[in-house]
Amino acid sequence: GDSVTQMEGPVTLSEEAFLTINCTYTATGYPSLFWYVQYPGEGLQLLLKATKADDKGSNKGFEATYRKETTSFHLEKGSVQVSDSAVYFCALRGDTGRRALTFGSGTRLQVQP
Amino acid sequence: GAGVSQSPSNKVTEKGKDVELRCDPISGHTALYWYRQSLGQGLEFLIYFQGNSAPDKSGLPSDRFSAERTGGSVSTLTIQRTQQEDSAVYLCASSLRAGRDTEAFFGQGTRLTVV
């Protein structure tokens with residue numbers, strides 16, 4: 001079945017540091033890939049998505065590129081802020097079988113001033 | 001409504017009691033999902049409804065768990081004879097349709113504590 005693997009956290013960075021959160025997936029067919037973010041005390045919200053190979057999703061300075069050859073969708077940001085502190089979830093929805101999102105275990109990011 | 005609404009936001013129950021959790025999806029959304037988020041864990045899929053199709057119940061952890069969606073809108077997740085391991089945040093999400101690129105919108109969740 002479909003699965004998503006994320007790097008374990010927590011990730012602790014200083015403000016303005018470069019961020020990478022690794023995400024790899026296993027799925028049949030051609031899934032769509034998503035990053036969701038959960039800020040403290042808030043619900044999950046979509047950060048960005050990509051629906052086909054080589055697509056780049058971007059939002060709020062975050063980017064992720066759909067790499068089918070490496071089955072990856074790594075999240076990057078060039079300069080993190082304290083306000084980016086949150087839990088980040090990589091997810092996929094396949095084009096066959098189950099149509100619900102399959103999530104990774106989440107990566108907690110803590111940005112220090 | 002403006003977003004996915006879940007109630008109650010918090011529920012404390014005694015072991016062995018039954019609980020019902022409610023989800024009001026965004027109006028017009030045909031797909032509805034339930035997930036469970038345990039402390040420090042990722043999101044565990046429970047059940048998925050799409051329109052009038054038979055629900056995908058493949059994620060329900062035991063027969064103590066059931067869910068229904070009435071009139072294609074409101075959904076209720078029922079846990080019978082609750083156990084301490086059922087303690088978690090139960091999240092509901094909805095999406096406009098079931099397409100693979102469709103965004104899912106999440107509610108704030110119901111925090112269930114079984115004592």
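Scroll up to find the structure this text is about.
Treat the numbers as computed from the prediction; the structure is a model and nothing was measured.

**A word on the interface of chain A and chain B**
Step number 1: Between chain A and chain B, the residue contacts involve 24 residues of the former and 23 residues of the latter.
Step number 2: Note on chain A versus chain B: buried area summed over both sides is about 1,800 Å², and carbon and sulfur give 49% of it.
Step number 3: Between chain A and chain B we count 0 salt bridges in total.
Step number 4: On the surface where chain A and chain B come into contact, there are 6 residue pairs in polar contact (both at pLDDT 80 or more).
Step number 5: Going through the elements one at a time, β5 (32-38), β6 (45-50) and β10 (86-93) of chain A are the ones with two or more residues in the side of chain A that touches chain B.
Step number 6: Broken down by element, the residue count for the side of chain A that touches chain B peaks at 4 residues, all from β5(A).

**Examining the sheet that holds strand β1 (residues 5-7) of chain B**
All names here are of chain B.
Step number 1: Across the sheet, 4 strands lie side by side as β1-β3-β7-β6; this open sheet has antiparallel pairing. For this open sheet the edge positions go to β1 and β6 (65-69), each flanked by a neighbour on one side alone. Strand-to-strand twist in this sheet, taken as the mean axis angle between neighbours without regard to direction, amounts to 15°.
Step number 2: Relative to strand β7 (residues 75-79), strand β3 (residues 19-24) runs antiparallel, the two sharing 5 bridges. Within β7, the position partnered with V19 by the bridge is I79.

The rules we used
- Residues numbered from 1 in each chain as written.
- Chains lettered and ligands numbered in written order.
- Predicted model: local features only at pLDDT ≥ 70, side-chain atom pairs only at ≥ 80, totals over all residues.
- Heavy atoms only, no water.
- Contact = heavy atoms within 4.5 Å.
- Buried area = accessible area lost by both parts, 1.4 Å probe.
- Salt bridge = Lys/Arg side-chain N within 4 Å of Asp/Glu carboxyl O.
- Polar contact = N/O pair within 3.5 Å; in protein donor to acceptor, adjacent residues only side chain to side chain.
- Helix = DSSP H or I, 4+ residues; strand = E, 2+ residues; numbered from the N terminus.
- Pairing = 2+ DSSP bridges.
- Axes fitted to C-alpha atoms, helices over the stretch in contact; angles between N-to-C directions.

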